[in-house]
Amino acid sequence: MLYLDSSSSAHYSREVRPLVDMRQCFEAYAAALDVPIVYADTVLDIAQHKALADGTMADVLMRTRLTPTAPLSIVDRRAEKVRAQVSPVSTPTLVHIQESLAAQESLFVLCGRRGLSSGIICGDCKVALTCTHCEAPLILIGPNATLKAPHFFCRRCGTRRSSEERCALCTSWKLEAVGTGSDHIAQTLQKLFPKSTVTRIDGDTAKTDSQATALMQSFVEKPGILVGTERALPYVGSIPHSIVLSYDAALSVPEASVGVQLLNVLIEVRERSTKSMRIETRIPEHPAIKALTSRDLGAYIESESATRKSLGFPPYGTTIEITRTGKRDEVQRDMAKLSTLLAPQVLHFTPVWVHGIRGTSAIILLSQTSVLPELLGKLRALPPSFSVRVEH
């Protein structure tokens, strides 16, 4: 028998070539040995639930409800007053941090990602713009080689709509792009609490296990505020208080299983918090957050399964993620050529533009009921400057 821990984690997917999902290698290895696999996670991915329903996987024991742990507070940032610049941390949470530090109780601040995390909010009512199909937050894209004007875009299901629209809640035209990351949050907290130690663990500060261990040891020896991304979670034990900031944008990444991954992260953080947990969000109605507050995991799985089925996402369909990274003008030229190449098989072609240390990246996510041989041949013929990831 083989054991696959944290089976819903995104970390099984390699970020460098070959772009292999190591879970598939694990399953092939188990099939070659003719031994069963035990999938283990707080919330199993929808693929495993579908396999259970289809009878292709043996029955398993899994939680459908969460046991009560530290008190959970949801801070709805839509209720904030309009300001020229939106702080990455709300005033009530800053008060909570100050009180915790005064009581000499440490805090863990979890951020959605390092760097900037983009999203769109209404400047008047502070509601976040979300996709009408899959409820993921929208981002602003364009203009670029394929778009003459800016558009709102869902990185999860590919829905695109004009940016010349009003807020659905208050009809305001004041729609604003917002975003922050772990570095910005750590700098902000250090300025606000200069007498406290602020430690940051993310992909920039802890590239190796030894670096992460050293940073965590430093935090344990001199407690204060630990700011980190998911990179920090394996090194964090029980902690009095936890705060989740800027995670809304993490829900908009172009990956079908992002909701299950987020829910597992939030559950993991809550179970390590001994006194309190706070989540700051502009989309408190998101199914993953509602599942955490209600502790009803079964209802979430049913809802997520229905959403994926309607969108043709895995395990009910196939998604193809194509990425081209380099100088912006070269990327724009190549993505325009790719649009023409895929036109007979792909009707909706809207790249997501991401700026990183390796240059500008354009990412498209295609949802297909099946990968036709003609399309597969075109994908295989792409030059090495393109990376292709297929999920089914």
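Just so it is clear, the structure is predicted and the values come from calculations on it, not from any experiment. Per chain, residue numbering runs from 1 following the sequence as it is written. In keeping with the predicted nature of the model, local features appear solely for residues at pLDDT of at least 70, side-chain atom pairs appear and are counted solely at 80 or more, and the whole-chain, interface and lining totals rest on all residues. Side-chain metrics in this entry use all non-hydrogen atoms of the structure; hydrogen atoms and water are not considered.

I'd love a proper account of the overall build of the protein chain, names of residues and values included.
Elements are defined by DSSP. Helices are runs of H or I of four residues or more, strands are runs of E of two residues or more, and each kind is numbered from the N terminus. The number of helices and strands found in the protein chain is 10 helices and 17 strands. Buried residues in the protein chain amount to 49% of all 392 residues. Considering only residue pairs separated by 6 or more positions, the protein chain has 71% of its internal contacts joining residues 24 or more positions apart. Accessible surface area values rest on a Shrake-Rupley calculation with a 1.4 Å probe, where residue burial reflects the displayed protein chains alone. A total of about 19400 Å² of accessible surface is found on the protein chain, and carbon and sulfur atoms cover 54% of it. Residue exposure (1.4 Å probe, protein chains only): buried if accessible area is under 20% of the type maximum, exposed if over 50%, otherwise partly exposed. Contacts were defined at the residue level, with two residues in contact if any of their heavy atoms lie within 4.5 Å.

Provide a residue-level description of helix H3 (residues 91-102), including the pertinent values.
For an α-helix the count is 3.6 residues per turn, leaving residues at separations of three or four pointing the same way. Taking 1.5 Å per residue, 12 residues should reach 16 Å; H3 reaches 17 Å between its end C-alpha atoms and fits that length. Listed as buried for H3 are Thr93, Leu94, His96, Ile97, Ser100 and Leu101. Seen along its axis, H3 keeps its buried residues to an arc of 160°; they face one direction. The exposed set on the far side of H3, more than 90 degrees from its buried face, consists of Thr91, Gln98, Glu99 and Ala102. Check the buried side of H3 and you find it contacts strand S3 (72-76), strand S4 (107-111), helix H4 (182-192), strand S11 (225-228), strand S12 (239-245) and strand S13 (273-281). Directly beyond the C-terminal end of H3, a positive phi value near 60° is found at Gln104. The span expected for a helix works out to 1.5 Å for each residue beyond the first. Arc, as used here, means the arc of the directions from the helix axis to the C-beta atoms.

Describe the pattern of salt bridges, listing the residues and the values that go with them.
The rule for a salt bridge is simple: a side-chain nitrogen of Lys or Arg has to be within 4 Å of a carboxyl oxygen of Asp or Glu. All chains considered together, the criterion is met by 12 salt bridges. Close ionic contact of Glu105 with Lys275 constitutes a salt bridge, the shortest N to O distance being 2.4 Å. With Glu105 in the loop between H3 and S4 and Lys275 in strand S13, this residue pair connects regions lying 170 residues apart in the sequence. Since its relative accessible area comes to 18%, Glu105 is described here as buried. Exposure remark for Lys275: the relative accessible area of 45% places this residue in the partly exposed category. Between Arg333 and Asp334 there is a salt bridge whose closest N-O contact spans 3.2 Å.

Describe unusual backbone geometry, naming the residues involved and giving the relevant values.
A cis amide bond links Pro314 to the next residue, Pro315, at an omega of 10°. Mapped onto the fold, Pro315 is located in the loop between helix H8 (297-311) and strand S14 (318-326). At Gln104, a residue that is not glycine, the phi angle is positive and equals roughly 60°. Within the secondary structure layout, Gln104 lies in the loop between H3 and S4. Unusually for a residue other than glycine, Thr171 sits at a positive phi of about 65°.

For the environment of Ile267, give the residues involved together with the corresponding values.
Examined against the element boundaries, Ile267 turns out to sit in helix H6 (residues 258-272). Counting along the chain gives 28 residues from Ile267 to Arg295, while the straight-line C-alpha distance between them is 9.6 Å.

Now, about the packing of H6 against helix H7 (residues 287-294): what can you tell me, with residues and values included?
Axis lines are fitted to C-alpha atoms, over the contacting stretch for helices. Their N-to-C directions set the angle, which ranges from 0 to 180 degrees. At a minimum axis distance of 9 Å, the contact between H6 and H7 shows a crossing angle of 35°. For H6 against H7, the interelement crossing comes out right-handed. Within the contact between the two elements, H6 uses Gly259, Leu262, Leu263, Leu266, Ile267 and Arg270 and H7 uses Ala288, Ala291 and Leu292. Put simply, a crossing is left-handed when the front helix is turned counterclockwise from the back one by less than a right angle, and right-handed when it is turned clockwise.

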